[in-house]
Amino acid sequence: VAASASGTAEARCSVTVADIPVEALAFAGDSGLTQIVSAGSDYTLIVSYSPATTSDREILWKCSNPDMATVSEQGQGQATVTFATSAAGAVTVTATSAANASCSASRQFFVRGDSELVLLPEETLYAGRKALWRFNTQAYPDATHIIWNLAGCSYTGPEASFAAEQGGENTMTVTATVGDVPISFALDFQVQEWYLNEIIPGANPRNTYPVFNKGATRAYFVTRGERRLYEINLEEGRLGWMFDMNDGKNDNGGDICVNPLSGDIYCSNQMHVFCLAEDGHKRWQIDVPTGGSASSLAGCGPGMSNDCKVVFMPLTDKRFVAVDAATGTILDSFGTETAHLQFAVYGDNNIVLTHSASGGTNAIKFVGFSGGKFSEVTAIDSPSADPTDITSPAVSPDQKKAWFPCNGGLMVEVDLEARSARASAELGGGYLQGACLLPSSGWMFFASQQKARVSRVQASAVASGAQSMVCYTNGSDNYLNFTTVACDTEGNVYFFIKEDGTGNSVFYRLAAEGSRWQPEPLAVIAKQNNDPQGFFNFAGGYLIGGGGNNSRNQLLVRCLDAQRAPGWSGPGGDACATKNANIAYGL
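Rules behind the numbers
- Residues numbered from 1 in each chain as written.
- Predicted model: local features only at pLDDT ≥ 70, side-chain atom pairs only at ≥ 80, totals over all residues.
- Heavy atoms only, no water.
- Phe/Tyr/Trp six-rings, centres within 6.5 Å; stacked < 30°, edge-to-face > 60°.
- Helix = DSSP H or I, 4+ residues; strand = E, 2+ residues; numbered from the N terminus.
- Buried < 20%, exposed > 50% of the residue type's maximum accessible area, 1.4 Å probe, protein only.
- Lys NZ or Arg CZ within 6 Å of the ring centre and 35° of its normal.
- Core = buried A, V, L, I, M, F, W, Y, C linked by side-chain atoms within 4.5 Å.
- Contact = heavy atoms within 4.5 Å.
- pLDDT = per-residue confidence, 0-100.
- Pairing = 2+ DSSP bridges.
- Axes fitted to C-alpha atoms, helices over the stretch in contact; angles between N-to-C directions.

## Observations regarding the packing of aromatic side chains
For the structure shown, the criterion picks out 24 aromatic pairs. Ring geometry for Phe 334 and Phe 374: centres 5.2 Å apart, planes at 90°, overall edge-to-face. Residue Phe 334 is located in strand E32 (residues 330-335), and its partner Phe 374 is located in strand E36 (residues 373-381); the two are separated by 40 residues in the primary sequence. Owing to a relative accessible area of 16%, Phe 334 belongs among the buried residues under this scheme. On the basis of relative accessible area, Phe 374 is assigned to the buried category, the value being 13%. Put simply, the rings of Phe 312, Phe 320, Phe 334, Phe 343, Phe 369 and Phe 374 pair up and form one aromatic cluster. The ring centre of Tyr 49 lies 4.1 Å from the NZ or CZ of Arg 57, which sits over that ring.

## Points about the nonpolar core
Leu 117, Trp 133, Phe 135, Trp 148, Met 172 and Phe 185 are the most contacted members of the largest nonpolar core, which has 27 residues in total. Sorting the residues of this core by element identifies strand E12 (131-135), strand E13 (143-150), strand E15 (159-162), strand E16 (171-178) and strand E17 (181-188) as the ones contributing at least two each. Not counting chain neighbours up to four residues away, the residues in contact with Phe 135 comprise Leu 117, Val 118, Tyr 140, Ala 143, Ile 146, Trp 148, Pro 158, Val 174, Ala 176, Val 178 and Phe 185. One finds Val 91, Ala 105, Phe 109 and Val 111 within the second-largest nonpolar core, a separate group that totals 23 residues.

## Quick notes on the environment of Val 22
Among the structural elements, Val 22 can be located in the loop between strand E2 (10-11) and strand E3 (24-27). Considering only alpha carbons, one finds Val 22 and Thr 54, 32 residues apart in sequence, at a separation of 5.4 Å.

## Remarks on the confidence of the model for the protein chain
Counting all residues, the mean pLDDT for the protein chain is 80, and 78% of those residues have values of 70 or more. Per-element averaging of pLDDT across the protein chain places helix H1 (residues 574-578) at the bottom with 39 and strand E8 (residues 78-83) at the top with 96. Across residues 563-587, where pLDDT falls below 50, the model places 106 contacts with residues more than four positions away in sequence or in other chains.

## Here we look at the sheet that holds strand E7 (residues 69-75)
Judged by pairing direction, the sheet is antiparallel, and its 4 strands sit side by side in the order E3-E5-E8-E7 without closing on themselves. In this open sheet, the two strands that pair with only one neighbour each are E3 and E7. The average angle at which neighbouring strand axes cross in this sheet is 25°, direction not considered.

Below, the structure is given as structure tokens:
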């Protein structure tokens, strides 16, 4: 009825409201997966109508097994399902429209009783670190066809070991058949980014890189300033013991060598060489009567003999010595014009070393070691006048060639059979910070301190200097490029670089794709310090990196689902610690 304001006139019409039939039903929030519930629990089901304005809202509820579950209707398309305390197995609840029997929705439940279907890993989940997931076949012995699906990868069987990524698809779908009931459910889990993230006050890590033990269960690094050797316990993800070398004799970083057979660690400061047992206690030390350059033991020693019974090292009093690994007794020595050198052990305890000589030249010596004595085979002039003192050479797997990164952006290639040498064209300026050789492809990767770049060159064409850059950051010198390239057995290359502009430090993986190489950021570390000195290494599926200044050092460990790096790749394998490709993986 419609009336005028004065009430003297009105009009009437009749309106018929038609029913809106229901067309489909579904359960709100239904993922399509089996819902896993516990015996004795309740679960609320809410019907979603299509169209939402339907007038057909009455629902008929049905349970496939009333002995396992009962349904209590709450009205308005809502019901509570109560599972019996003795229930175990599959049960289905169906909602059907009272007005249209063809419109229904079903939800399958699997009542697990007192036992979880999946036994979760006990440890914290870390990005890139494998963890073991197990279907509870002891409680559900008739479970078959178990498949784990995560981020597009499938793993089949009652157990699956895989790694998840921080910020990735951290929901895993599990499908199985329990008895004759197919089930599918989702597991949500949290992943931590860093396996280890530690701030070490008053410690600068310049001129050092982490070195791993044979099993990649431990790694070691030396800090500058407060000169200390730290153990990283990779099994437990924590810093272990610390050995203090801070006697005021040397504030520089230094190289470390791990004996792959005994586990002993050899380290030094300017005036002393130490041998430490795996538990950190000192076995022996060598006192150097006069010390030279503070950096002369940084990056250029020690190294092991084939049988791991002798340690080779340069001393700051300009001696190159062979030391009994067990006792610290000096077996033999010969003089060099400087302690600033690099060396590699190859073949049957043959040694090649390059060092600065008089007149601004650089010499390369080929030395043999047998019966506890050195014998100089020959010496040649080197094409480079200044070897880098903070990195080790790369040795080819067949031990026929070695490459020495040098100052001025040069790489010196030494033919170990012909005892000859040639230098590359300039490969980047400043110090070259280590080289990583991929035997499968023949590519050599190296980092340049100047303008923060990582490049590659065919090992057979080093002398031509025909390198191509794979990562480049324009800006000031990048001190994070201290020995910053390593590889794994699958042909991936890893490095750690400080980016210009943001000042952030980034872990990169360079994954090989045919002839293309595309750097992939694995983790970003917000700006650490101004002008940080940095270090990096990779082995056993662990990326270790960090940097700092004189007031702070940040140590970071990230896990990767990867194998150990090849022993001959320089940083990242046993040759890094032993400088001997013979004993790396039994080569």
